[in-house]
Amino acid sequence: MKPGRLASIALAVAFLPMVVPAHAAIIEITMENLVISPAEVSAKVGDTIIWINKDVFAHTATAKNGNFDVTLPPKKSATSVVKKAGTVEYYCRYHPNMKATLKIEP
Amino acid sequence: MFIRWSAAVAAAILLSSPALQGASAADKPTDPQIAHIAYTAGVIDINAAKQAQKKAKNKDVKAFAEDMLRDHEAVNKQALALVKKLNVTPEDNDTSKALSKQASDKLAELDKLSDAAFDKAYVANEVAYHKAVNSALETQLIPSASNAELKSLLQTGLKIFQGHQQHAEHVAAELK
């Protein structure tokens, strides 16, 4: 192997963590029959959340602290990336009895 | 006796009383009657929302009316699909009649109001109405339903309407 190629592999490896964060995970949160599940889930900054609405009703995932507000039309899903650490309580603006917690680690 | 039961529901809804009491097993409405009552209750809130869309001034009240319209239409669509699937013909009954009569009186009453007075009265009525319907669902309609799918739809309806009640309470608090 030529030294030049080795160097470029080393460079690629060095930059890899910048492209794909080591802990990035995909977390699914489902709304079905007016219930959010899991009711409590842990995530890390950089993780992607897939919000899945299985109901024929529109829902939202609205953070009480204002960190996020995702609108989910009937039978649709949406994704968002977790940006800030902290324990976030969220609810559906249309049906405030739908509540859950997202624990975000740095 | 069904008439006694329906009079109790009508009274409870008129007075927004927290619970219906004193109904024995013999008072149980049948599934076709339950389906009719649930559908009628939905139509009533749809009509109230349509009136609010025309008359409301406050943006939160307008948005709330839009939410009611969307959700109640979705529930009623499901209800219609279910009765079709089960081959059940919804049966008109005294409770449905009492509900409709009371609702048309309310529409006429609200029609005389405008601007902030209308907004406030509409939202206050939405709180009271959902409270009454939820109470009827919880204590009478759900326990009386014999078909499992009907029962399950009513249970989903209860969760939605409990959400609407809380939503209406939030909007009412903001208007003060």
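Treat the numbers as computed from the prediction; the structure is a model and nothing was measured. (Residues numbered from 1 in each chain as written. Chains lettered and ligands numbered in written order. Predicted model: local features only at pLDDT ≥ 70, side-chain atom pairs only at ≥ 80, totals over all residues.)

**Q** Quick question: what am I supposed to make of the overall build of chain B here?
**A** Per the secondary structure count, chain B includes six helices and zero strands. In chain B, the succession of α and β elements from N to C terminus is α-α-α-α-α-α. The buried share of chain B, taken over its 176 residues, is 38%. (Helix = DSSP H or I, 4+ residues; strand = E, 2+ residues; numbered from the N terminus. Buried ≥ 20, exposed ≤ 12 C-beta atoms within 10 Å, placed from the backbone.)

**Q** It is not clear to me how the pairing of strand β5 (residues 59–63) of chain A should be interpreted in this structure. Could you clarify?
**A** Each regular strand carries side chains that alternate between the two faces of the sheet. Residues and elements named next belong to chain A. In this structure, β5 lies alongside strand β6 (residues 69–72), joined through four bridges in antiparallel fashion. Residue pairing across strands places A61 opposite V70, the latter belonging to β6. Linking β5 to β6, which pair antiparallel, is a turn of five residues; within it G66 sits at a positive phi near 85°. With two bridges joining them, β5 and strand β8 (residues 86–91) adopt antiparallel strand pairing. Bridging across to β8, A63 finds its partner in Y90. (Pairing = 2+ DSSP bridges.)

**Q** Please explain the sheet that holds β6 of chain A as it appears in this structure.
**A** Within a sheet, adjacent strands bond to each other through the backbone by hydrogen bonds, running parallel or antiparallel. Residues and elements named next belong to chain A. Spatially, β3-β9-β8-β5-β6 is the arrangement adopted by the five strands of the open sheet, whose pairing is mixed. A strand with exactly one partner marks an edge of an open sheet, and here the two such strands are β3 (40–44) and β6. The sheet shows a mean angle of 20° between the axes of neighbouring strands, direction not considered. (Axes fitted to C-alpha atoms, helices over the stretch in contact; angles between N-to-C directions.)

**Q** Help me out: how do you make sense of the packing of helix α2 (residues 31–55) of chain B against helix α6 (residues 148–175) of chain B in this one?
**A** How two helices sit against one another is set out by the angle between their axes and by the gap between those axes. Residues and elements named next belong to chain B. Look at α2 against α6: their axes get within 11 Å of each other, and the N-to-C directions meet at 25°. Taken together, α2 and α6 sit at an angle that is classed as roughly parallel. Relative to α6, the crossing made by α2 is left-handed. Contacts from D31, I34, A35 and A38 in α2 reach L150, L154 and G157 in α6. Residues that form the contact of α2 with α6 fall into these classes: five nonpolar, one polar and one charged. (Parallel < 35°, antiparallel > 145°, perpendicular 65-115°, else oblique. Left-handed = near helix turned anticlockwise from the far one by under 90°. Contact = placed C-beta atoms within 7 Å. Nonpolar A, V, L, I, M, F, W, Y, C, P; charged D, E, K, R; others polar.)

**Q** Could you clarify how one ought to interpret the nonpolar core in this entry?
**A** By size, the foremost hydrophobic cluster in this structure holds 56 residues, and its most contacted members are A38, V61 and L141 of chain B. Residues within four places of A38 of chain B in sequence aside, it is in contact with A79, L141, L154 and G157 of chain B. (Core = buried A, V, L, I, M, F, W, Y, C linked by C-beta atoms within 7 Å.)

**Q** Quick question: what am I supposed to make of the environment of K55 of chain B here?
**A** All names here are of chain B. You can see K55 is positioned in helix α2. C-beta crowding within 10 Å serves as the criterion here: with 18 such atoms nearby, K55 is assigned to the partly exposed category. In this structure the C-alpha to C-alpha distance between K55 and L99, which are 44 residues apart in sequence, comes to 23 Å.

**Q** Help me understand the sheet that holds strand β7 (residues 77–81) of chain A, please; the structure alone is not making it clear to me.
**A** Residue and element names in this part refer to chain A. Taken in spatial order, the four strands make up an open sheet running β2-β1-β4-β7, and their pairing is mixed. At either margin of the open sheet sits one strand with a lone partner, and together these are β2 (35–37) and β7. Recorded for the sheet is a direction-independent mean angle of 20° between the axes of neighbouring strands. Pairing between strand β4 (residues 48–53) and β7: five bridges, direction antiparallel. Within β7, the position partnered with W51 by the bridge is A78.

Bear in mind that shape data such as this cannot, by itself, settle questions of function.
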